[in-house]
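For reference, the chains in residue letters:
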Amino acid sequence: MRADLTDEQRLMRQSCRDFVDDVVIPFIRSDWRREWLMDPQARLPEMILQKAEEVGIRTLGVPPDFGGVEFDPATEVQTFALIAEEIARGDSGLADKLVQNWKVAMLLRNLAPRHLQEKWFARLLEDPQFLLAHCLTEPRGASDRWLPYNVPEAAMQTRAVRQRDGWVINGRKQFISNGYDAGLYVVYANTNHSVGMLQGTSSFLVPRQTPGLTVARCNETLGCRFMNNGELVFEDMFLPDDHLLAEGNALTQAAVYFRPGKIMQAAKNLGVGVRAFEVTSDYVQNYVQGGAILIKHQAVAIRLADMATRLEAVRALLERASQAVDAGSPDADMLCNMVKVFASEEIMKVAQHAVELHGGNGMMLDFGVEKLWRDAGIFLHMDATADISKFKIVKSLFPQTAGTYAGSA
């Protein structure tokens, strides 16, 4: 238990913990087959998001002017991290569903014109099932675009061409969190192929019903299955001028999304690890093997200690990184990449211990531990791969001497 939390943070964390313990975990355990339904819209019952709305966590990031919850700006990202961890302790897919809403809301409050904020924040608040999505990844460009080089060859394949009173967009996006379900998208497209990616990428606000937008499929993922990952196609899709959020420098402007995004990614990952430790510590203190409860065996005790140590190390770096983002520290980007990659690798080891300490039960679908292992595995590839994140860390540490690693500088 952290001693430095404000009363508001403690209350919010406890509300989230009660929601997870009373609603989310009982649903997951009683209906474990549901995540395997091949009808994406049938997986998560509407009741879950309705309960999240009642707790007040579905629309975090919406400005108070539009009916949202006001956070202390000095600790906003730290508060987001606390909540994301608690929700992911119940289910990481649900956490990702909600976190996308929070992150995109933060982006819209900084970039969208006021009349569109009024329209879409109101829609978000009135409909508990309404979701937001951030559309960056493409079939021919994902984490590799974030190597430390900036050339036209790295440009988005999705293109936006200016026409009278607006823009026409053609292209495709894949691996989009909430992509299958969202009612509103932020879409990135190349608007100037003669300059580097950081100068030629623009962002647009795209309602789901826009003619020319097709939600092509739901990607059937190994883990985090209650967040419906989607693929989108844009064919001569027209958007009026006011739906342009940032022209040319959209990736730079999106820092208000990217930094908190990596913090919340690590926090969700931590929540999965905490749940893995909870169920494992309970199991080894109650299951008898070789005439004694498992925890009495030295090999089991060593693994349990290793799990706890990894969790504390992730939590310490997460707190350091989230404080740096809230403070606008110069090392915030580096710390965000560090905690993202560190959490993904360490929690995967925690989940592996959990599965193995459960023995044969660890591989049984109805036991529920293998789900935590599957969910942990997804984080290795979300919000940049581990290798790309490490390249960026080195570039932050040694900007004058680090290599370009790919492409031409």
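Residues numbered from 1 in each chain as written. Predicted model: local features only at pLDDT ≥ 70, side-chain atom pairs only at ≥ 80, totals over all residues. Heavy atoms only, no water.

### A short note on the overall build of the chain
Then, in step 1: The helix and strand inventory of the chain stands at 13 helices and 10 strands.
Then, in step 2: Its C-alpha radius of gyration of 21 Å places the chain within 12% of the 22 Å reference for a compact globule of 409 residues.
Then, in step 3: In terms of overall dimensions, the chain has a C-alpha envelope of 80 × 50 × 40 Å along the principal axes.
Then, in step 4: Considering only residue pairs separated by 6 or more positions, the chain has 75% of its internal contacts joining residues 24 or more positions apart.
Then, in step 5: Accessible surface for the chain amounts to roughly 17200 Å². Of this, 52% is attributable to carbon and sulfur atoms.
Then, in step 6: For the chain, the distance from the average site of its 43 positive side-chain charges to the average site of its 51 negative ones is 4 Å. (Helix = DSSP H or I, 4+ residues; strand = E, 2+ residues; numbered from the N terminus. Rg over C-alpha atoms; globule rule 2.2 N^0.38 Å. Contact = heavy atoms within 4.5 Å. Areas by Shrake-Rupley, 256 points an atom, 1.4 Å probe, with all protein chains shown as cover. Lys, Arg positive; Asp, Glu negative; His and termini not counted. Charge placed at Lys NZ, Arg CZ, Asp CG, Glu CD.)

### Quick word on the side chain of glutamate 85
Then, in step 1: As for its placement among the helices and strands, glutamate 85 is situated in helix H4 (residues 76-90).
Then, in step 2: Classification of glutamate 85 by relative accessible area gives buried; the value is 8%.
Then, in step 3: If near-sequence neighbours (up to four positions away) are discounted, glutamate 85 is found in contact with Ala267, Leu270, Gly271, Val274 and Arg315. (Buried < 20%, exposed > 50% of the residue type's maximum accessible area, 1.4 Å probe, protein only.)

### Observations regarding the environment of serine 202
Then, in step 1: Mapped onto the elements of the fold, serine 202 is located in strand S5 (residues 201-207).
Then, in step 2: When residues no more than four places from it in sequence are discounted, the contact partners of serine 202 are Val187, Tyr188, Ala189, Thr191, Leu244, Ala246, Glu247, Gly248 and Ala250.
Then, in step 3: Of the polar contacts made by the side chain of serine 202, one reaches the side chain of threonine 191; its length is 2.7 Å. (Polar contact = N/O pair within 3.5 Å; in protein donor to acceptor, adjacent residues only side chain to side chain.)

### Things to note about the pattern of salt bridges
Then, in step 1: The tally for this structure, following the rule as stated, stands at 32 salt bridges.
Then, in step 2: Between arginine 374 and glutamate 35 there is a salt bridge, with its nearest N and O atoms 2.7 Å apart. Taken together, the positions of arginine 374 in helix H12 (residues 369-378) and glutamate 35 in the loop between helix H1 (7-30) and helix H2 (40-43) put the pair 339 residues apart, joining distant regions of the chain. Per residue, the accessibility class of arginine 374 equals that of glutamate 35, and both read buried.
Then, in step 3: When salt bridges with common partners are traced through the structure, they connect Arg17, Asp21, Glu86, Arg89, Arg275 and Glu278 into a single cluster. (Salt bridge = Lys/Arg side-chain N within 4 Å of Asp/Glu carboxyl O.)

### Considerations on the nonpolar core
Then, in step 1: Core analysis: the biggest nonpolar cluster contains 89 residues, and Phe19 and Ile87 have the highest contact counts within it.
Then, in step 2: Top element by residues in this core is helix H11 (residues 332-357). It accounts for 12 residues.
Then, in step 3: Apart from residues no more than four positions distant in its own chain, phenylalanine 19 is found in contact with Val24, Ile48, Lys51, Ala52, Val55, Ile57, Ile87 and Leu94.
Then, in step 4: One finds Phe66, Leu116, Trp120 and Leu245 within the second-largest nonpolar core, a separate group that totals 30 residues. (Core = buried A, V, L, I, M, F, W, Y, C linked by side-chain atoms within 4.5 Å.)

### Side note on a nonpolar patch on the surface
Then, in step 1: Taken together, the side chains of Met363, Met364, Phe367 and Trp373 define a hydrophobic patch exposed on the protein surface, amounting to about 370 Å² of accessible area.
Then, in step 2: Structurally, the position occupied by methionine 364 is in the loop between H11 and H12.
Then, in step 3: The exposure class assigned to methionine 364 is partly exposed, which follows from its relative accessible area of 40%. (Patch = residues over 30% accessible without salt bridge, like charges linked within 9 Å, V, L, I, M, F, W, Y side chains within 5 Å.)

### Details of the environment of arginine 208
Then, in step 1: One can find arginine 208 in the loop between S5 and strand S6 (213-218).
Then, in step 2: Between the alpha carbons of arginine 208 and proline 128 there is a distance of 16 Å; along the sequence they are 80 residues apart.
Then, in step 3: Once residues within four sequence positions are removed from consideration, arginine 208 is found in contact with Gly179, Tyr180, Asp181, Ala182, Gly183, Tyr185, Leu213 and Val215.
Then, in step 4: Of the polar contacts made by the side chain of arginine 208, one reaches the backbone oxygen of tyrosine 180; its length is 3.1 Å.

### A word on the layout of surface pockets
Then, in step 1: What the second largest pocket holds in volume is close to 460 Å³.
Then, in step 2: If you trace the second largest pocket, you find 20 residues lining it, with Gln41, Gln129, Phe130, Leu131 and Asp181 closest to the centre.
Then, in step 3: Within the residue set of the lining of the second largest pocket, elements represented by two or more residues are H2, helix H3 (46-55) and helix H6 (114-126).
Then, in step 4: Among the residues making up the lining of the second largest pocket, the classes are represented as 9 nonpolar, 5 polar and 6 charged. (1 Å grid on protein atoms, 1.4 Å probe; cavity = no way out; pocket = protein on both sides within 12 Å on 5 of 7 lines; lining within 4 Å. Points joined across faces, edges and corners; volume = space filled by probe spheres on them. Nonpolar A, V, L, I, M, F, W, Y, C, P; charged D, E, K, R; others polar.)

### Notes on the environment of leucine 116
Then, in step 1: Considering the arrangement of structural elements, one finds leucine 116 in helix H6.
Then, in step 2: Sequence spacing of leucine 116 and valine 195 is 79 residues, and the spatial spacing of their C-alpha atoms is 30 Å.
Then, in step 3: When residues no more than four places from it in sequence are discounted, the contact partners of leucine 116 are Phe121, Leu205, Asp242 and His243.

### Looking at the pairing of strand S1 (residues 132-135)
Then, in step 1: Neither face of S1 is open: one carries Leu132 and His134, the other Ala133 and Cys135, and all of them are buried.
Then, in step 2: Inspection of the sheet shows S1 paired to strand S4 (residues 184-190) by 4 bridges, in the parallel sense. Counterpart to leucine 132 in the pairing with S4 is leucine 184. (Pairing = 2+ DSSP bridges.)

By themselves, these are just geometric observations and shouldn't be taken as functional.
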